[in-house]
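# Breakdown of the fold
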Amino acid sequence: MAERKRVVILGAGFAGLVASQKLAKEAVDITIVDRRNHHTFQPLLYQVALAVLNPSDIAQP
Ligand SMILES: Cc1cc2nc3c(=O)[nH]c(=O)nc-3n(C[C@H](O)[C@H](O)[C@H](O)COP(=O)(O)OP(=O)(O)OC[C@H]3O[C@@H](n4cnc5c(N)ncnc54)[C@H](O)[C@@H]3O)c2cc1C
């Protein structure tokens, strides 16, 4: 039986999350490492700065 491959993804930003979603269909074990315990959705930072986004729309880690 072939040994199951392990994949370590460094960074849970857009690239890391998309890579993990694509690799989830493969027969590999995935570990994602990030220095933060949350994903920052950068396209909405402007709305946060301008208080356009409701606090209830932001998920806490
Ligand atoms: C204000 C703003 C608005 C944007 N708006 C848009 C938009 O509307 N549309 C669009 O397509 N793009 C937009 N972008 C660009 C888009 O966000 C980036 O192109 C995209 O996030 C890059 O993805 P990435 O995975 O390379 O990096 P990131 O998403 O930045 O992810 C990097 C990850 O690596 C982690 N990391 C970094 N160093 C370490 C370390 N030493 N150890 C462990 N973890 C580490 C970080 O914590 C982070 O989670 C915007 C960017 C900004 C700043």
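Presented here is a report on the structure given in the accompanying data block. Note that the structure is a prediction, hence the values are computed from the model and not measured. (Residues numbered from 1 in each chain as written. Predicted model: local features only at pLDDT ≥ 70, side-chain atom pairs only at ≥ 80, totals over all residues. Heavy atoms only, no water.)

## Focus: the pairing of strand S1 (residues 5-10)
Basically, it comes down to this: For two strands to be treated as a pair, DSSP must find no fewer than two bridges joining them. Numbering goes from the N terminus for both helices and strands, where a helix is a DSSP run of H or I of at least four residues and a strand is a run of E of at least two.
Note: S1 against strand S2 (residues 28-33), six bridges, orientation parallel. Along S2, the bridge assignment pairs Leu 10 with Val 33.

## Observations regarding the packing of aromatic side chains
Under the convention used in this document: We call Phe, Tyr and Trp rings a pair once their centres come within 6.5 Å, taking the six-membered ring for Trp, and we label the pair stacked below 30 degrees between planes, edge-to-face above 60, and tilted otherwise.
This structure, assessed with the given rule, holds one aromatic pair. With a centroid separation of 5.5 Å and an interplanar angle of 80°, the aromatic rings of Phe 14 and Phe 41 are classed as edge-to-face. Remark: Phe 41 occurs in the loop between S2 and helix H2 (45-49) and Phe 14 occurs in helix H1 (residues 14-23); sequence separation between them is 27 residues.

## Some details on the site of the ligand
Keep this limit in mind: Whether a residue is near a molecule or strand is decided by its heavy atoms; if any one of them lies within 4 Å of it, the residue is near. In protein, a polar contact means a hydrogen-donor-capable atom and an acceptor-capable atom, both N or O and within 3.5 Å, with residues adjacent in sequence counting only if both atoms are side-chain atoms; elsewhere, any N or O pair within 3.5 Å suffices. Only the protein chains shown count as covering a residue, and every accessible area follows the Shrake-Rupley method with a 1.4 Å probe. Residues are sorted three ways: Asp, Glu, Lys and Arg are charged, Ala, Val, Leu, Ile, Met, Phe, Trp, Tyr, Cys and Pro are nonpolar, and all the rest, Gly among them, are polar.
Neighbouring residues of the ligand: Gly 11, Ala 12, Gly 13, Phe 14, Ala 15, Asp 34, Arg 35, Arg 36, Gln 42, Pro 43 and Tyr 46. Within the side chain of Asp 34, one N or O atom sits 2.5 Å away from an oxygen atom of the ligand. The backbone of Arg 35 places a nitrogen or oxygen atom 3.1 Å from a nitrogen atom of the ligand. Relative to its free-state accessible area of 1,000 Å², the ligand is covered by the protein chains to the extent of 49%. Here the residues of the shell around the ligand sort into five nonpolar, three polar and three charged.

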